[in-house]
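Spelled out, the chains give:
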Amino acid sequence: MQENPSLSEAVRILESGNVVGIPTETVYGLAANALNEEAITKIFKIKNRPFFDPLIIHLKNAEEVEKYVSQFPAKARKLAASFWPGPLTLILPKNQNIPDMATSGLSYVGLRVPDHPLTLELLSRLDFPLAAPSANPFGYVSPTTAQHVNDQLGQEVKLILDGGPSRVGLESTIVMFENDTEPVILRLGGLGIEAIEKCIGPVGINIASHSKPHSPGQLDKHYATQTPLIIIGENYKPENENLKIGALTFKTALPLVHPQNQVVLSPDGSLEEAARNLFGAMRKLDSMDLNLILAEKFPETGLGRAINDRLFRASKK
Ligand code: TXA
Ligand code: MG
């Protein structure tokens, strides 16, 4: 791989306990030394994130897991072997090497190996893992380009590594393993449930929305645009003719909305392509001074489920 001139600067900034914007295949992250509480505190401050919301720790490879957990159940190992590097986070019982600040005092830690060459190269040059939430102000839509990060956090973040647009476009799927009990999905994401179940058999799902959730990823309003967004049924008719309306659709545009105010996420009907384009489209429509964004419901298969989850949370008041 050709040397990215920013890489050595990123190493220097992270080693000095500061934050860097990093590309991943899911969404861009706001990274700091996961073993340094002071560095982690900077992430929470920049994001305006509540301290009760734990961070995902990014590792250079699956062998690193043993350093940070007290148990690594067989099914979790199997998932790691099959899908890392990739859009999967495993929540496992932590050991004392992970600071409490990173997990918001929880006795479990979220770990993943991201699938992006630049960030894997960065991790290989560091002697610590990286804590990194999505690089957006708390509650807003996640960033899928370096420009998205720069637009909102450019003032506070000295360096954003540009690794191009995120290939998956949705955050990682989160699977929790409580002791030796069965795995439970806490967040739908870039790895479909079908693939997970093919690998380890049936998994539980607990993605319920709460205003005070047990796992903060379940916050009911999240991933939200400033502009109100609603999910519409087939026979939707606007109540107020004077509203400036935009739309987010899967394969075909809505006749009732001006073409310029619409984003069709995948004219070919690919859920992968729709997922990749979703957050960029939400940001674009949100910048257009609209009164309302209409969103179509997606098929409940593969990444369609995760897309619907994001739209649903964005639509919560
Ligand atoms: O794809 C991703 O996962 C991206 C990229 C940057 O890796 N990261 C990401 O981080 O989406 P964040 O912080 O925006 O979302 C992580 C979610 C949070 O909702 C948090 O509550 C949950 O993971 N989480 C992290 N550690 C947890 C733990 N120990 N127990 C329960 N939930 C946890
Ligand atoms: Mg986030």
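Placed above this text is the structure.
This structure is a prediction, so every number in the text was calculated from the model and none was measured.

Undergrad: Sorry if this is basic, but what is going on with helix H7 (residues 271–286) here?
TA: Given 3.6 residues to a turn, an α-helix orients residues that are three or four positions apart in the same direction. Across its 16 residues, H7 extends 22 Å between first and last C-alpha, which sits within 8% of the 22 Å expected from 1.5 Å per residue. Along H7, the sharpest change in direction is near 40 degrees and occurs at Leu278. Check the buried side of H7 and you find it contacts helix H5 (146–153), strand S10 (229–232), strand S11 (245–249), strand S12 (262–264), strand S13 (292–296) and helix H8 (303–315). The opening residue of H7, the one whose side-chain oxygen lies 3.3 Å from the backbone nitrogen of Glu272, is Ser270.

Undergrad: Sorry if this is basic, but what is going on with the sheet that holds S10 here?
TA: Read from one edge to the other, the open sheet built from four strands follows the order S10-S13-S11-S12, with strand pairing classed as parallel. The strands lining the two open edges of the sheet, one partner per strand, are S10 and S12. Going across the sheet, the axis of each strand differs from the next one's by a mean of 20 degrees, ignoring polarity. In this structure, S11 lies alongside S13, joined through four bridges in parallel fashion.

Undergrad: Before we go on, may I ask you to explain the packing of aromatic side chains in this structure?
TA: A ring pair, where both rings are aromatic, is described by two values, the distance of the centres and the angle of the planes. Under the defined criterion, the tally for this structure stands at two aromatic pairs. Between Phe250 and Phe298 the ring centres are 4.8 Å apart and the planes differ by 45 degrees, which places this aromatic pair in the tilted class. Placement of the pair is Phe250 in the loop between S11 and S12 and Phe298 in the loop between S13 and H8, with a sequence separation of 48 residues. Per residue, the accessibility class of Phe250 equals that of Phe298, and both read buried.

Undergrad: How should I be thinking about the environment of Gly17 in this particular structure?
TA: Relative to the helices and strands, Gly17 resides in the loop between helix H1 (6–15) and strand S1 (20–22). Owing to a relative accessible area of 5%, Gly17 belongs among the buried residues under this scheme. Between the C-alpha atom of Gly17 and that of Ala39, which follows or precedes it by 22 residues, the distance is 4.9 Å. Residues contacting Gly17, with those up to four places away along its chain left out, are Asn36, Ala39 and Lys42.

Undergrad: Looking at this model, I keep getting lost on the pattern of salt bridges. Mind explaining?
TA: Side-chain pairing between opposite charges can occur once the charged atoms of the two side chains come close. Under the counting rule described, the total for this entry stands at 14 salt bridges. Residue Arg112 is joined to Glu25 by a salt bridge in which the shortest nitrogen-to-oxygen separation is 2.8 Å. Taken as a pair, Arg112 in strand S5 (residues 108–112) and Glu25 in the loop between S1 and strand S2 (29–33) lie far apart in primary sequence, 87 residues in all. With respect to class, Arg112 is no different from Glu25; both count as buried. A salt bridge links Lys75 to Glu182, with the nearest nitrogen and oxygen atoms 2.7 Å apart. With Lys75 in helix H3 (residues 74–83) and Glu182 in the loop between strand S7 (173–176) and strand S8 (184–187), the pair connects residues that are 107 residues apart, well separated along the chain.

Undergrad: Just to check I follow, could you spell out the nonpolar core for this structure?
TA: As a rule of thumb, nonpolar side chains are buried together in soluble globular proteins. Counting residues in each nonpolar core, the largest one holds 74 residues, and the members touching the most others are Ile57, Leu79, Leu90, Leu92, Leu111, Leu248 and Leu278. Tallying contributions element by element places H7 first for this core, with eight residues. Membership of the second largest hydrophobic core comes to 17 residues, among which are Ala10, Val11, Ile13 and Ala31.

What counts and how
Residues numbered from 1 in each chain as written. Chains lettered and ligands numbered in written order. Predicted model: local features only at pLDDT ≥ 70, side-chain atom pairs only at ≥ 80, totals over all residues. Heavy atoms only, no water. Helix = DSSP H or I, 4+ residues; strand = E, 2+ residues; numbered from the N terminus. Expected span 1.5 Å × (residues − 1). Bend = angle between axes of the 7 residues up to and from the residue. Contact = heavy atoms within 4.5 Å. Polar contact = N/O pair within 3.5 Å; in protein donor to acceptor, adjacent residues only side chain to side chain. Pairing = 2+ DSSP bridges. Axes fitted to C-alpha atoms, helices over the stretch in contact; angles between N-to-C directions. Phe/Tyr/Trp six-rings, centres within 6.5 Å; stacked < 30°, edge-to-face > 60°. Buried < 20%, exposed > 50% of the residue type's maximum accessible area, 1.4 Å probe, protein only. Salt bridge = Lys/Arg side-chain N within 4 Å of Asp/Glu carboxyl O. Core = buried A, V, L, I, M, F, W, Y, C linked by side-chain atoms within 4.5 Å.

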